[in-house]
Amino acid sequence: AGTGVSLRPGQAAVGGALDALRGTPGMRLNAGTTTALDRFYRLNPTQIAATMTQMDPVGYGDGLMVAANLGRMASDTAMAQLRGRRDGGTDSAAILGGRGNAWFTAFGQNGRVGSAAQAGHTSNVTGGAAGVDVRVGAGLVLGASAFFGDGRSSSYTAGGRTDVRSGGAMVYGSWNHGASFIDGALAMGFNETSQRRSLGLLGTTSAGKVGGLLVTAQVQAGHNFQAGAVRLTPYVGLQHATVTQGGTDETGGALAMRIASGSFSSTRALVGARVSASVPLSGAVVLTPHLDLAYSRELGENAAVTTAGFNGNTAARLVTRSGAIGRNGLVLGAGAALSVTNNLSVVASYQAELRDNIRSNAFNAGLRWRW
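All of these numbers come straight from a predicted model, not from anything done at the bench.

So, how was this worked out
Residues numbered from 1 in each chain as written. Predicted model: local features only at pLDDT ≥ 70, side-chain atom pairs only at ≥ 80, totals over all residues. Heavy atoms only, no water. pLDDT = per-residue confidence, 0-100. Contact = heavy atoms within 4.5 Å. Pairing = 2+ DSSP bridges. Helix = DSSP H or I, 4+ residues; strand = E, 2+ residues; numbered from the N terminus. Axes fitted to C-alpha atoms, helices over the stretch in contact; angles between N-to-C directions. Salt bridge = Lys/Arg side-chain N within 4 Å of Asp/Glu carboxyl O. Buried < 20%, exposed > 50% of the residue type's maximum accessible area, 1.4 Å probe, protein only. Core = buried A, V, L, I, M, F, W, Y, C linked by side-chain atoms within 4.5 Å. Patch = residues over 30% accessible without salt bridge, like charges linked within 9 Å, V, L, I, M, F, W, Y side chains within 5 Å. Areas by Shrake-Rupley, 256 points an atom, 1.4 Å probe, with all protein chains shown as cover. Polar contact = N/O pair within 3.5 Å; in protein donor to acceptor, adjacent residues only side chain to side chain.

### Some details on the confidence of the model for the protein
Moving on, step 1. Overall, the prediction assigns the protein a mean pLDDT of 89, with 92% of residues at 70 or greater.
Moving on, step 2. The low-confidence segment residues 89-95 (pLDDT under 50) makes 19 contacts with residues lying over four places distant or belonging to another chain.

See the structure below:
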């Protein structure tokens, strides 16, 4: 689709599919497609480029990346509970003091992938998780939890909005031997993505909804070094998230899309250290602040791909790619737990992720009851 103006990759992909949809001279098209193309090619070059931006279905891929991030945040809540159990001592008897632990954590995150000059999106995620874990052996803790979350993303280079909803169940556990430990969590759930794009100059709106599965897993191993009230915990870890997405036929006429099924898989290696300290305040009230710094390396996919075709002719295919995140990054964290009584603690933390092409800020807060 020649416009006489410079096109970004997403616009160029849409333009190629429009050329295929138009076909060769003399090719007979159905009435709906003919009307839609006639209206489109009556626009001036600047309007054509803007409308191709609105047609770009990249939001479905953005939704996959948001859902993967939501799954990682949910599993992080369980891993944080296992770390919280170790704030009371350096051996397995003190680490696992008390038999049970019930908790609830609310979490949120805002992030920016890419910029207005390239493929990318902004996102906001909110959710919560609740669980129970128990000591089942001399150095073993096992637990289960449920999580839910909602996310919203807006593409820099495509019109419309993408809404993501996820939820599921998780099992997690910790093996402790002296001051060493291995923590792990496995979560499975559903993922639902809704996309809506307004093709304002054509007077139509394209909309679709797809569903799929979400699987996340992570493991960390480390060792606690204690010096008085201060603890240093170096660790290594691995995080994985896979999100699948079914296909759908959007509503909105001939220039709406038939979205193909897709998936996104991210695997990240972590090497880091955590510093924490126990500060008695009065009676049973103890403040335990912590700082965390980790290097993160993305080993899997760093961008999602969306494959689609126009409803007017599904052979007119296009492939568009979400903004890619950098492979190497730093994760910075800070937080604190306040033991209000011997049983009840209030916890809160902040985490920033810094890597090429992405900036994100995450917060969580919750309650923990130990018995």
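### Regarding the sheet that holds strand 15 (residues 313-321)
Moving on, step 1. If you walk across this open sheet you meet the 4 strands as 9-10-14-15, and the pairing is antiparallel. At either end of the open sheet lies a strand with only one pairing partner, and these are strand 9 (248-249) and strand 15.
Moving on, step 2. Looking at chain direction, strand 14 (residues 305-310) and strand 15 are connected through 6 bridges and run antiparallel. Within strand 15, the position partnered with Gly309 by the bridge is Arg317.
Moving on, step 3. Helix 1 (residues 9-22) contacts strand 14 and strand 15 of the sheet and is inclined by roughly 170 degrees relative to strand 15.

### Some details on the pattern of salt bridges
Moving on, step 1. Applying the stated criterion to the full structure yields 12 salt bridges.
Moving on, step 2. Residue Arg165 is joined to Asp150 by a salt bridge in which the shortest nitrogen-to-oxygen separation is 3.4 Å. Of this pair, Arg165 sits in strand 4 (residues 161-177) while Asp150 is found in strand 3 (residues 140-155), placing the two residues 15 residues apart along the sequence.
Moving on, step 3. Here Arg268 makes a salt bridge to Glu353, at a shortest N to O gap of 3.0 Å. Taken together, the residues Arg268 in strand 11 (residues 262-277) and Glu353 in strand 17 (residues 344-355) connect sequence positions 85 residues apart.
Moving on, step 4. On the basis of relative accessible area, Arg268 is assigned to the buried category, the value being 6%.
Moving on, step 5. Residue Glu353 is classed as buried on the basis of its relative accessible area of 9%.

### Focus on the pairing of strand 1 (residues 100-113)
Moving on, step 1. Bridging between strand 1 and strand 2 (residues 121-135) involves 14 bridges; their strand directions are antiparallel. Its bridge partner lying in strand 2, Thr105 is registered against Ala129.
Moving on, step 2. Where strand 1 lies against strand 18 (residues 358-370), 13 bridges are found, and the strand directions are antiparallel. By the bridge assignment for strand 18, Gly111 is matched with Ser360.

### Focus on the nonpolar core
Moving on, step 1. Core analysis: the largest hydrophobic core is formed by 31 residues, its most contacted members being Val125, Phe147, Met170, Tyr172, Val243 and Phe264.
Moving on, step 2. Mapped onto this core, the elements with two or more residues apiece are helix 4 (59-85), strand 1, strand 2, strand 3, strand 4, strand 5 (180-199), strand 8 (230-245) and strand 18.
Moving on, step 3. A per-element tally of this core places helix 4 first, with 11 residues.
Moving on, step 4. Apart from the residues within four sequence positions on either side, Met170 is in contact with Ala74, Ser75, Thr77, Ala78, Gly143, Ala144, Ser145, Phe147, Ala185, Leu186 and Ala187.
Moving on, step 5. Ranked by size, the runner-up nonpolar core spans 24 residues in total, among them Leu21, Met52, Leu199 and Leu255.

### What about a nonpolar patch on the surface?
Moving on, step 1. Taken together, the side chains of Val136, Leu140, Leu142, Trp175, Ile182, Val219, Leu238 and Leu299 define a hydrophobic patch exposed on the protein surface, amounting to about 680 Å² of accessible area.
Moving on, step 2. Note that Leu299 resides in the loop between strand 13 (285-298) and strand 14.

### Topic: the side chain of Ser296
Moving on, step 1. Locating Ser296 in the fold gives a position in strand 13.
Moving on, step 2. The buried category is assigned to Ser296, whose relative accessible area is 1%.
Moving on, step 3. One polar contact links Ser296 to Arg355, side chain to side chain, over a distance of 2.7 Å.
Moving on, step 4. The residues contacting Ser296, other than those within four sequence positions of it, are Arg268, Ala269, Leu270, Arg327, Asn328, Gly329, Val331 and Arg355.

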